[in-house]
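In case you want the letters, here they are:
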Amino acid sequence: MAMTPVPTSNGNPIVAQMRGAVSQVMRMGNQPALRRAMPAILILSVAVLAVGGWLILREPARMVLFPGLAEADKARVMDALGSAGIDATVDSATGQVEVPSADYHRARMQLAAQGLPQSLPDGDAVLTELPMGASRSVEGARLKQAQELDLARSITEISAVAQARVHLALPEKSAFLRDMQPPKASVFLQLAPGRALEASQVEAIVNLVSTSVPGMARGDVTVVDQMGRLLSRGSDDPAAQVSDRQLQHRLEVEKLYRERIEALLTPIAGPGNLSVQVTVDMDFTQSQITEERVDPAATALRSEQSELVESSEPQARGIPGAVANAPPNQADLVPAGEATGAKPLAGQITNRSSGSTKNYEVSRTVETTQPATAQITRISAAILMRAMPPATPAEEGAPPAPLLPDDLRADIEKLAQGAIGFDAERGDTITITAQPFMDMVVVDTPTDWSWLPEASRQLALIALIGIIALGVIRPLLSRVSLAGDAAGGNGPVQLGGVAGVEVTAGDSLDDVTARLEARRSKLTSAALGANVTREEKFAVLRQIVAEDPGRIASVLQKMMKDEVDAAPRG
């Protein structure tokens, strides 16, 4: 039975290529520069691998899944996330459920698919669960609950609010206006640790709730935090609002004057050597003055009316000689001795009267004045400076130097007067004094050492990596490097059982050459003494050629250099 020959690796070209590549790598590794840098390269590689492993194995950053979650829902959420393969933990300090940042959105989607958490339903879920055929009272209660949940979710979106609950008091509608009650609301807020709500944020919450319920006034909304503090004023009293605005305006004016004085005096006194307080008295009285003035000299013709009345005797008419139906005229009796005058002719004017009426308008001025509501009535400023010790000690018996020189006090007073707009008639005052300041008292506050275990663990890991790299790996690499140098010819050379020349760092070429010459002379005198035979000399020369052929070749090249240079170039 014939045997099938097994192919050997000598005839396989792939194996030959691999051997060639390995041999090239070995030749590169045998280079002196690479061997000297190999320990540093290996230490750097180990350090990079250690840091990479630490980054991979360290605990990832985590995010809170649902702030303010109920304890029962925490257990359900932990079970659901554990079944989904998500690494969820409970923070020992806050008790919140945390997941890795990379799995945050996947965890929320996974919980939403299972209807978790159940303690945070929204308005749509409440309306969806409304049973068919429910009574009107049940339907109204469900609608109110849905509205409360939606308002609470909207308030929770504020960064400082961790959890919110809204309670609405919606009275029954009545057909009689006198029996109707206004709706009211109460808001309970659980603020995040270390956070506080500003006045504008509280007003925003009040406006959000009041405008979401028809007929609800802002004063009927009450906001309370988890510490039992009333955050809202609970009243829309215009007088209270005006007082708050007046106080705020006064504080802003005092702050402005104080900053002006500090900006002028800080370069003189230095930081921390000055304390300034300003009090501003302001008059917020609202008044309105109406004044009416009449100028009799300034008149104007407004209207004019003229009247003329005239009367006359009518002319005689009718048939001459006929007796008229009118009775005869009364006889005019003239006393004796008086001559009768001429009688007026018929048709002439017997009576005339005229009249004229003119109306004049007298100049009148009506002026209404409303003074400013925020008038500064007085400004009082107090400036306290640190008393500096005198440059030279006072002589014995001499009066002590003033804590604040008079010229400096005068300059400071002028600067402060210019900063606040000093008015002596208004009663403004500026008080300047200098006293030694007490040293700052540092109150010991409890320090949060929660970060210490994690930092200690990280430092211990870094120290362990450094000990392994510097205490174990580096000595091993140094030994391997020294062994490679000795094997590659960089170490001492053994010639005929005699140690060769050692080359150390910092030696020049001339030093090495001198050492080689001295070693070779010793070797020649030891091996080629006067008592050795010719065959022994040849044996020693053959051994030198076998152990260091390069040096023999360089010697022969030097010996033949003169003859080669003298030979004609053809």
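Keep in mind that this is a model prediction, so the values were computed, not measured. (Residues numbered from 1 in each chain as written. Predicted model: local features only at pLDDT ≥ 70, side-chain atom pairs only at ≥ 80, totals over all residues. Heavy atoms only, no water.)

A. Quick look at the sheet that holds strand 4 (residues 161-169). Taken together, three strands build an open sheet; the order of strands is 4-5-6 and the sheet is mixed. Where the open sheet ends on each side, the last strands, each with one partner, are strand 4 and strand 6 (221-225). Within the sheet, the average angular offset between the axes of one strand and its neighbour, ignoring direction, is 15°. Relative to strand 5 (residues 184-191), strand 4 is paired through eight bridges, and the arrangement is antiparallel. Residue pairing for strand 5: H167 is matched across the bridge by S186. Against the sheet, helix 6 (residues 136-156) makes contact with strand 4 and strand 5, and its axis sits at roughly 150° relative to strand 4, the strand it touches most. Of the strands in this sheet, strand 5 and strand 6 touch helix 7 (residues 199-212), which is tilted by about 135° from strand 6. (Pairing = 2+ DSSP bridges. Helix = DSSP H or I, 4+ residues; strand = E, 2+ residues; numbered from the N terminus. Axes fitted to C-alpha atoms, helices over the stretch in contact; angles between N-to-C directions. Contact = heavy atoms within 4.5 Å.)

B. Local environment of the pattern of salt bridges. Scanning the model with the defined rule gives nine salt bridges in all. Here D103 makes a salt bridge to R106, at a shortest N to O gap of 3.7 Å. For R106, a relative accessible area of 43% corresponds to the partly exposed category. (Salt bridge = Lys/Arg side-chain N within 4 Å of Asp/Glu carboxyl O. Buried < 20%, exposed > 50% of the residue type's maximum accessible area, 1.4 Å probe, protein only.)

C. Spatial organisation of the environment of R409. For R409, the position within the fold is in helix 9 (residues 406-420). What makes R409 partly exposed here is its relative accessible area of 30%. As a C-alpha pair, R409 and I432 span 23 residues in sequence and 7.2 Å in three-dimensional space. When near neighbours in sequence (up to four residues on either side) are disregarded, R409 contacts L404, I432 and T433.

D. Structural context of the nonpolar core. Y257, I261, L274, V278, I383, M385 and I430 are the most contacted members of the largest nonpolar core, which totals 23 residues. Of all the elements in the fold, those that place two or more residues in this core are helix 8 (238-269), strand 7 (274-283), strand 10 (375-386), helix 9 and strand 11 (429-435). Apart from residues no more than four positions distant in its own chain, I430 is found in contact with A381, I383, E413, A416, Q417, I420 and F422. I155, L189, I205 and V223 belong to the second-largest nonpolar core, a separate cluster that totals 21 residues. (Core = buried A, V, L, I, M, F, W, Y, C linked by side-chain atoms within 4.5 Å.)

E. Representation of the sheet that holds strand 1 (residues 62-64) within the structure. The antiparallel open sheet is built from three strands, whose spatial order is 1-3-2. Of all strands in the sheet, those with a lone pairing partner are strand 1 and strand 2 (89-90), marking the two edges. When strand 1 meets strand 3 (residues 97-100), the two strands line up antiparallel, connected through three bridges. Each residue of the ladder has a partner; that of V64, found in strand 3, is E98. Seen against the sheet, helix 3 (residues 71-83) touches strand 2 and strand 3 and runs at an angle of roughly 20° to strand 3.

F. Structural detail: the packing of helix 6 against helix 7. For the pair helix 6 and helix 7, interaxial distance at closest approach is 11 Å and the crossing angle is 155°. Between helix 6 and helix 7, the interaxial angle falls into the category roughly antiparallel. Crossing hand, helix 6 versus helix 7: right-handed. Listed contacts from helix 7 to Q147, L151, S154 and I155 of helix 6 are I205, L208, V209 and S212. When the residues that make up the contact of helix 6 with helix 7 are grouped by side-chain class, the tally is five nonpolar, three polar and no charged. (Parallel < 35°, antiparallel > 145°, perpendicular 65-115°, else oblique. Left-handed = near helix turned anticlockwise from the far one by under 90°. Nonpolar A, V, L, I, M, F, W, Y, C, P; charged D, E, K, R; others polar.)

G. Spotlight on helix 3. Helix length check: helix 3, at 13 residues, gives a terminal C-alpha distance of 19 Å against a target of 18 Å (1.5 Å per residue), a fit within 8%. Every buried residue of helix 3 is listed here: D73, K74, V77, A80 and L81. Axial view of helix 3: buried residues confined to an arc of 135°, hence all on one face. Those residues of helix 3 that are exposed and aimed more than 90 degrees away from the buried face are E71, D79, G82 and S83. In this structure, the buried side of helix 3 is in contact with strand 3 and helix 4 (104-113). Of the residues flanking the end of helix 3, it is G85, one or two places downstream, whose phi is positive at about 80°. (Expected span 1.5 Å × (residues − 1). Arc of directions from axis to C-beta.)

H. Representation of the pairing of strand 7 in the model. Residues of strand 7 alternate between two faces, with L274, V276, V278, V280 and M282 buried on one and S275, Q277, T279, D281 and D283 left unburied on the opposite face. Across ten bridges, strand 7 lies against strand 10 in antiparallel orientation. Bridge pairing links T279 to S380 in strand 10.

I. Examining the pairing of strand 5 more closely. Of the two faces of strand 5, only the one carrying A185, V187, L189 and L191 is buried; K184, S186, F188 and Q190 on the other face are not. Across five bridges, strand 5 lies against strand 6 in parallel orientation. Bridge pairing in strand 6 places L189 opposite D225. This β-α-β element, strand 5 to helix 7 to strand 6, shows right-handed connectivity. (Right-handed = clockwise from strand over helix to strand, strands pointing away.)

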